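Listed below are the residues making up each chain.
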Amino acid sequence: MALQCGIVGLPNVGKSTLFNCLSNAKAQAANFPFCTIEPNVGVITVPDERLTKLAELINPNRIVPTTVEIVDIAGLVKGASKGEGLGNKFLANIRETDAIIHVLRCFDDDNVTHVDGSVDPVRDKEIIDAELQIKDLETVELRIQKVQKQATTGGDKAAKLQYEVLCKYRDALQEGKSARSVTFDTKDEQKAAKELFLLTSKPVLYVCNVDEKSAINGNKYVDQVREAIKEENAELLIVAARTEADIAELETYEDRQMFLAEVGLEESGVARLIKSAYALLDLETYITAGVQEVRAWTYHKGWKAPQCAGVIHTDFEKGFIRAEVIKYEDYIKYGSEAAVREAGKLAVEGKEYIVQDGDIMHFRFNV
């Protein structure tokens, strides 16, 4: 399930530094705009302590975590919607992603040039929001022109539905709101909205890039961002990218944990970011556990057992009979699958079972 989060932001806000921490692919991090021209793609392992704990009990041949792709997209600038600063290329790269990680500069440093001359994360956010909204408004207005006649005079129900969805989006975008602020009541409307692939309808995570001393509680800039996004359906995360870069250079897990303890953090910002990006895509994990491997599998929240079986192989979904399910907590409590069975804690579930995050599953199928 190759799903992507795109990292966006103005030039010199710390995007590429953050990407370097996330990925083994090294984007050039330099103190000038447009040092990243082509989007860099990193396949990032999603940290999951449950796999480690299960492996301690099972001692498998290998552990296979789940992953998410992170794309570092070159810095947007004012006028990107009109092609400024290679804007068209960057907007196309954003369109291909499933969610947006929006990095905002929330630190002062005279040695790092700001493209607009001063530190103001809310202004920076609004610049990028406006560029994406302008592009979306263009898209929506073009679609309206195509379907308006059919919708209003032709009696075409599908065209009428699409027209109504487009008009709702147009009204919001003209008010300077993002498409994600618009809600739809019916499944048909939701489906029509999703098929438009608007830039500002994508889920967004705002990452406030701060200095080391602000890594725990944030600062005045973070407070400003928090206030600015309170009406949005969006998450906020505080990360000190330069500190994360120092942590990434340490070779051993023990050294990294010692460093984190020294700066007062329980978990690295990178780990929190990866987990947040995974959740942003509305993804969850189920696990298969055996001597051969302990493995995490990605599925969309709300999927039923046959759909989740299909993640392993399409034949598993086609020939689905039942799923044997152990809750992660029960596996840890009893220490083995055999002990869980003996305790009567293994559940046999059918086609309507909605899989829960952390379920340990074994599928029975017949093709």
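Residues numbered from 1 in each chain as written. Predicted model: local features only at pLDDT ≥ 70, side-chain atom pairs only at ≥ 80, totals over all residues. Heavy atoms only, no water.

Draft legend 1. Looking closely at the environment of Ala-347. In this structure, Ala-347 sits in strand S11 (residues 347-349). Relative accessible area serves as the criterion here: at 28%, Ala-347 is assigned to the partly exposed category. Along the chain, Ala-347 and Lys-327 lie 20 residues apart, while their C-alpha atoms are 8.8 Å from each other. If sequence neighbours within four positions are ignored, Ala-347 has contacts with Ala-323, Glu-324 and Val-325. (Helix = DSSP H or I, 4+ residues; strand = E, 2+ residues; numbered from the N terminus. Buried < 20%, exposed > 50% of the residue type's maximum accessible area, 1.4 Å probe, protein only. Contact = heavy atoms within 4.5 Å.)

Draft legend 2. Quick peek at helix H6 (residues 187-194). Buried within H6 are the following residues: Glu-189, Ala-192 and Ala-193. Summarising the axial view, the buried residues of H6 lie within an arc of 100°, below the 170-degree limit, and thus occupy one face. Looking at H6, the residues exposed on the side facing more than 90 degrees away from the buried face are Lys-187, Asp-188, Lys-191 and Lys-194. Summarising the contacts, the buried residues of H6 are in contact with helix H5 (157-174). (Arc of directions from axis to C-beta.)

Draft legend 3. Highlighting the pattern of salt bridges. Evaluated as defined, the whole model comprises 23 salt bridges. Among the salt bridges present, the one from Glu-324 reaches Arg-341, with a minimum N-O distance of 2.9 Å. Highlighted residues: Glu-324 in strand S10 (residues 320-326) and Arg-341 in helix H14 (residues 337-342), separated in sequence by 17 residues. Notably, a salt bridge pairs Lys-327 with Asp-359, separated by 2.8 Å at the nearest N-O pair. Within this pair, whereas Lys-327 is found in the loop between S10 and helix H13 (328-334), its partner Asp-359 is found in the loop between S11 and strand S12 (360-365), the two being separated by 32 residues in sequence. Here Lys-327 falls in the partly exposed class, since its relative accessible area comes to 32%. Connected through salt bridges with shared partners, the residues Glu-324, Glu-337, Arg-341 and Arg-364 form a single ionic network. (Salt bridge = Lys/Arg side-chain N within 4 Å of Asp/Glu carboxyl O.)

Draft legend 4. Focus on empty space enclosed by the protein. Applying the stated criterion across every chain yields a total of 1 cavity of 30 Å³ or more. Its boundaries defined by the atoms lining it, the largest cavity holds a volume of some 40 Å³. For the largest cavity, the full set of lining residues is Val-8, Ile-100, His-102, Ile-128, Asp-129, Leu-132, Arg-180, Val-204 and Tyr-206. Elements with a contribution of two residues or more to the lining of the largest cavity: strand S5 (99-105), helix H4 (121-153) and strand S6 (204-209). Considering every element that reaches the lining of the largest cavity, the biggest residue donor is H4, with 3 residues. Split by residue class, the lining of the largest cavity holds 6 nonpolar, 1 polar and 2 charged. (1 Å grid on protein atoms, 1.4 Å probe; cavity = no way out; pocket = protein on both sides within 12 Å on 5 of 7 lines; lining within 4 Å. Points joined across faces, edges and corners; volume = space filled by probe spheres on them. Nonpolar A, V, L, I, M, F, W, Y, C, P; charged D, E, K, R; others polar.)

Draft legend 5. How the structure looks around the state of the cysteines. All chains considered together, the criterion is met by 0 disulfides. Note on Cys-208: no disulfide assigned, nearest cysteine sulfur contributed by Cys-106 at a separation of 3.8 Å. (Disulfide = S-S within 2.5 Å.)

Draft legend 6. Focus on the pairing of S10. With respect to burial, S10 is a largely interior element, 5 of its 7 residues being buried. Two strands pair when backbone bridges link them, and S10 and S12 are joined in this way by 6 bridges, in the antiparallel orientation. Residue pairing for S12: Phe-320 is matched across the bridge by Phe-365. With 3 bridges joining them, S10 and S11 adopt antiparallel strand pairing. Opposite Glu-324, over in S11, you have Val-348 as the bridge partner. (Pairing = 2+ DSSP bridges.)

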